[in-house]
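A closer look at the structure
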Amino acid sequence: MLNALVADLPSELVGFLVTLGLALLIGIEREEHHPSEQFEGSFGGVRTFPIFGLGGFLLVVAFPESIAPFGVGLAVLGVLLALAYWASIRRDPGLTTEAAALLTYALGGAAAHGYYWLCAAVAVVAAILLQEKERLEHLASGLPRAELRIAARFLLLSAGVLPIVPHGGVGPYPVNPFTPRVGGGGGGGVSFSAFCFE
């Protein structure tokens, strides 16, 4: 039903609405993270992030034949973010807000190309990562070194071995070794995640 609704709307309008909604989501989270009464001079919030996203969207839509305007906009935004970071480094040495601003700009460009679901997934994951700072830092500091080594080995096996496993029947047997590897890797990932969050 949603696909039928989106299909009847102009792609520029859908991209505009997706960009605006996702940039507002990230901007609201940043506004909540840096309330004005606690952190004067904070960079970006509920108004600034939609401007970044819509700027990236507009530069892609207005100049579809060239990536140069989007690249120039990215460079200008990078300079502005570097200046903002330099001005605020004594109060907040983190780069999270600046990175979120670059991501929001990129989301606008991706939405202009029609990657709506990818944009939504990236924005939601980014908002969760931004919102759950304390939990994630607690999780990272609480993991013993041995478990980090186990996680690294698991990722190496999953990302390094799985792509080279044949995808299809091997020899005269119709067994696909790729399918059990994916299932085993997924099951192992769920099991490892449950172990980490105990």
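Rules used throughout
- Residues numbered from 1 in each chain as written.
- Predicted model: local features only at pLDDT ≥ 70, side-chain atom pairs only at ≥ 80, totals over all residues.
- Heavy atoms only, no water.
- Helix = DSSP H or I, 4+ residues; strand = E, 2+ residues; numbered from the N terminus.
- Contact = heavy atoms within 4.5 Å.
- Areas by Shrake-Rupley, 256 points an atom, 1.4 Å probe, with all protein chains shown as cover.
- Axes fitted to C-alpha atoms, helices over the stretch in contact; angles between N-to-C directions.
- Parallel < 35°, antiparallel > 145°, perpendicular 65-115°, else oblique.
- Left-handed = near helix turned anticlockwise from the far one by under 90°.
- Nonpolar A, V, L, I, M, F, W, Y, C, P; charged D, E, K, R; others polar.
- Expected span 1.5 Å × (residues − 1).
- Buried < 20%, exposed > 50% of the residue type's maximum accessible area, 1.4 Å probe, protein only.
- Arc of directions from axis to C-beta.
- Patch = residues over 30% accessible without salt bridge, like charges linked within 9 Å, V, L, I, M, F, W, Y side chains within 5 Å.
- Salt bridge = Lys/Arg side-chain N within 4 Å of Asp/Glu carboxyl O.
- Polar contact = N/O pair within 3.5 Å; in protein donor to acceptor, adjacent residues only side chain to side chain.
- Phe/Tyr/Trp six-rings, centres within 6.5 Å; stacked < 30°, edge-to-face > 60°.
- pLDDT = per-residue confidence, 0-100.

Details of the overall build of the chain
Helix and strand content of the chain: nine helices and zero strands. Each helix and strand of the chain, placed in order from N terminus to C terminus, yields the pattern α-α-α-α-α-α-α-α-α. Long-range contacts, defined here as pairs at least 24 residues apart, represent 66% of the contacts in the chain between residues at least 6 apart. Working note: accessible area of the chain is about 13,000 Å², and carbon and sulfur atoms make up 70% of it.

Points about the packing of helix α5 (residues 96–112) against helix α6 (residues 116–131)
The N-to-C vectors of α5 and α6 enclose an angle of 170°; their axes lie 9 Å apart at closest approach. Comparing the axis directions of α5 and α6 gives the class roughly antiparallel. Between α5, through Thr96, Ala100, Leu103, Leu107, Ala110 and Ala111, and α6, the contact on the second element is made entirely by Tyr116, Cys119, Val122, Ala123, Ala126 and Leu130.

Section: the packing of helix α3 (residues 48–62) against α5
Remark: α3 packs on α5, axes separated minimally by 7 Å, with the N-to-C direction vectors making an angle of 35°. Crossing of α3 over α5 shows right-handed handedness. In this structure, α3 uses Phe49, Phe52, Gly53, Gly55, Gly56, Phe57, Leu59, Val60 and Val61 to contact α5, whose residues at the interface are Thr97, Ala100, Ala101, Thr104, Tyr105, Gly108, Gly109, Ala111 and Ala112. Each residue belonging to the contact of α3 with α5 can be placed in one class, and the counts come to eleven nonpolar, seven polar and no charged.

Some thoughts on helix α4 (residues 68–88)
In this model α4 runs 30 Å from its N-terminal to its C-terminal C-alpha over 21 residues, within 8% of the 30 Å that 1.5 Å per residue would give. Residues of α4 that are buried: Pro69, Phe70, Gly73, Leu77, Leu81, Ala84 and Ser88. Angularly, the buried residues of α4 cover 100° about the axis, an arc narrow enough to put them on a single face. Within α4, the exposed residues directed more than 90 degrees away from the buried face are Val72, Val79, Leu83 and Trp86. Tucked inside the fold, the buried residues of α4 contact α3 and α5.

Overview of a nonpolar patch on the surface
On the surface, a nonpolar cluster with roughly 460 Å² of combined accessible area is contributed by Val72, Val76, Val79, Leu80 and Leu83. One can find Val79 in helix α4.

Some remarks on the pattern of salt bridges
In this structure the tally under the stated criterion is two salt bridges. Glu29 serves as the salt-bridge partner of Arg30, at 2.8 Å between the closest nitrogen and oxygen. Both residues of the pair, Arg30 and Glu29, belong to the buried class.

Some words on the environment of Thr97
Note on placement: Thr97 falls in helix α5. For the pair Thr97 and Phe49, spaced 48 residues apart in sequence, the C-alpha separation works out to 9.9 Å. There is a polar contact of 2.7 Å between the side chain of Thr97 and the side chain of Arg30.

Remarks on the side chain of Glu98
As for its position among the elements, Glu98 is in helix α5. Those residues in contact with Glu98, other than ones at most four positions away along the chain, are Leu81, Ala84, Tyr85 and Ser88.

Let's talk about the packing of aromatic side chains
The tally for this structure, following the rule as stated, stands at three aromatic pairs. Between Phe49 and Phe52, the ring centres sit 6.0 Å apart and the planes meet at 75°, which makes this aromatic pair edge-to-face. Taken as a pair, Phe49 and Phe52 lie in helix α3 at a separation of three residues, close to a single helical turn. Comparing Phe49 with Phe52 shows no difference in burial state: the two are buried.

Quick look at the confidence of the model for the chain
Summarising the model, the chain shows a mean pLDDT of 81, and 72% of its residues fall at 70 or more. Highest mean pLDDT in the chain belongs to α3 (96); lowest belongs to helix α9 (residues 178–196) (60).

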